Each structure stands twice: as C-alpha cells, then as structure tokens.
Amino acid sequence: MTKTYTVSYLPLFEQELQDTSDYISHKLRNPQAAARLVDAVEGAIMDRLPFAESFEPYRSAKERRYPYYRIDVGNYAIYYVVIDTVMEVRRLLYKGRNRAALL
C-alpha cells in the first residue's frame, strides 16, 4: 500500500524562505528572480511529496531520530524529515553555507 504524505513547514523554513526572497528582491533588486525561486521551492516540495521517503537520506555527522532528506533547487537546498506520514520541511539553505554546522 502506498503512503499518502502531508506537508508541514517549520517556522524556521518559512523565515529562511522569506529572508532569501527579500534579499533577492530588495538587495539584489531582482523581484522576478525572487518570485521564480519561491515558485521553484514550492514546486519541488510538492513534486517530492508523493515520494518523500524514496530518496537517499542526507548523510550527517549527527545522529538523528529522523533522517534528513535534501531537495536541490538552484543554489539552494531544502531539508526535510518524514515523521509517520508528514513531510516536515525544516530548512532552506544556500549551498555555499556550512550546511553541516547548520543542520
């Protein structure tokens, strides 16, 4: 039987997405690119939702109760965990950052 997943967003993810969008829109003065990124992030999450556990978990030095999974979107990575039938989206990080220290 196939699992049906629902999606949940942590406030930290929502804030990181908002901060990233604001930076691109205002600091870089490219609101169209910001809108495209938000659309791409939302689309990637929805595309992954039916298959949330069908991908290789993200390798982490930390031991975790729930393994992280990663979705790459341009220069960013979305990190989520699966708890029962909930895909909990936790982080949006720029790929140039020290992700190991932030996760």
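One can find the structure itself at the top, above this paragraph.
Trainee: Can you lay out helix H2 (residues 31-48) for me, pointing to particular residues and giving the numbers?
Mentor: Its 18 residues place the ends of H2 26 Å apart at the C-alpha level, agreeing with the 26 Å of an ideal helix rising 1.5 Å per residue. Turning to H2, its buried residues number three or more, namely Ala33, Ala34, Leu37, Val38, Val41, Ala44, Ile45 and Arg48. The arc that holds the buried residues of H2, viewed along the axis, is 140°, so those residues lie on one side. Along H2, the residues that are exposed and aim more than 90 degrees away from the buried face are Gln32, Arg36, Asp39 and Asp47. Of the surrounding secondary structure, the elements contacted by the buried residues of H2 are strand S1 (6-9), helix H1 (11-27), strand S2 (69-73), strand S3 (76-83) and strand S4 (86-94).

Trainee: Tell me what's going on with the side chain of Glu88, and back it up with residues and numbers.
Mentor: Mapped onto the elements of the fold, Glu88 is located in strand S4. Within polar-contact distance, the side chain of Glu88 engages the side chain of Arg90 at 2.6 Å. The residues contacting Glu88, other than those within four sequence positions of it, are Ser8, Leu10, Tyr79, Tyr80, Val81 and Ile83.

Trainee: Can you lay out unusual backbone geometry for me, pointing to particular residues and giving the numbers?
Mentor: Positioned with a positive phi, Arg29 is a non-glycine residue whose angle comes to about 55°. Along the chain, the position of Arg29 falls in the loop between H1 and H2. Owing to a relative accessible area of 72%, Arg29 belongs among the exposed residues under this scheme. In this structure, Asp84 is a non-glycine residue whose phi angle is positive, near 60°. Inspection of the secondary structure assignment puts Asp84 in the loop between S3 and S4.

Trainee: Quick one: what's the story with the packing of H1 against H2, residue by residue and with numbers?
Mentor: One can describe the packing of H1 onto H2 by two numbers: an axis separation of 7 Å at closest approach and a directional angle of 150°. It follows from the interaxial angle that H1 and H2 lie roughly antiparallel. Of the two possible hands of crossing, H1 and H2 adopt the one that is right-handed. Residues Phe13, Leu17, Thr20, Ser21, Ile24 and Ser25 of H1 touch H2, and the partners they reach there are Pro31, Ala33, Ala34, Leu37, Val38, Val41 and Ile45. A breakdown of the residues in the contact of H1 with H2 according to their chemical character gives 10 nonpolar, 3 polar and no charged.

Rules of the game
- Residues numbered from 1 in each chain as written.
- Predicted model: local features only at pLDDT ≥ 70, side-chain atom pairs only at ≥ 80, totals over all residues.
- Heavy atoms only, no water.
- Helix = DSSP H or I, 4+ residues; strand = E, 2+ residues; numbered from the N terminus.
- Expected span 1.5 Å × (residues − 1).
- Buried < 20%, exposed > 50% of the residue type's maximum accessible area, 1.4 Å probe, protein only.
- Arc of directions from axis to C-beta.
- Contact = heavy atoms within 4.5 Å.
- Polar contact = N/O pair within 3.5 Å; in protein donor to acceptor, adjacent residues only side chain to side chain.
- Axes fitted to C-alpha atoms, helices over the stretch in contact; angles between N-to-C directions.
- Parallel < 35°, antiparallel > 145°, perpendicular 65-115°, else oblique.
- Left-handed = near helix turned anticlockwise from the far one by under 90°.
- Nonpolar A, V, L, I, M, F, W, Y, C, P; charged D, E, K, R; others polar.

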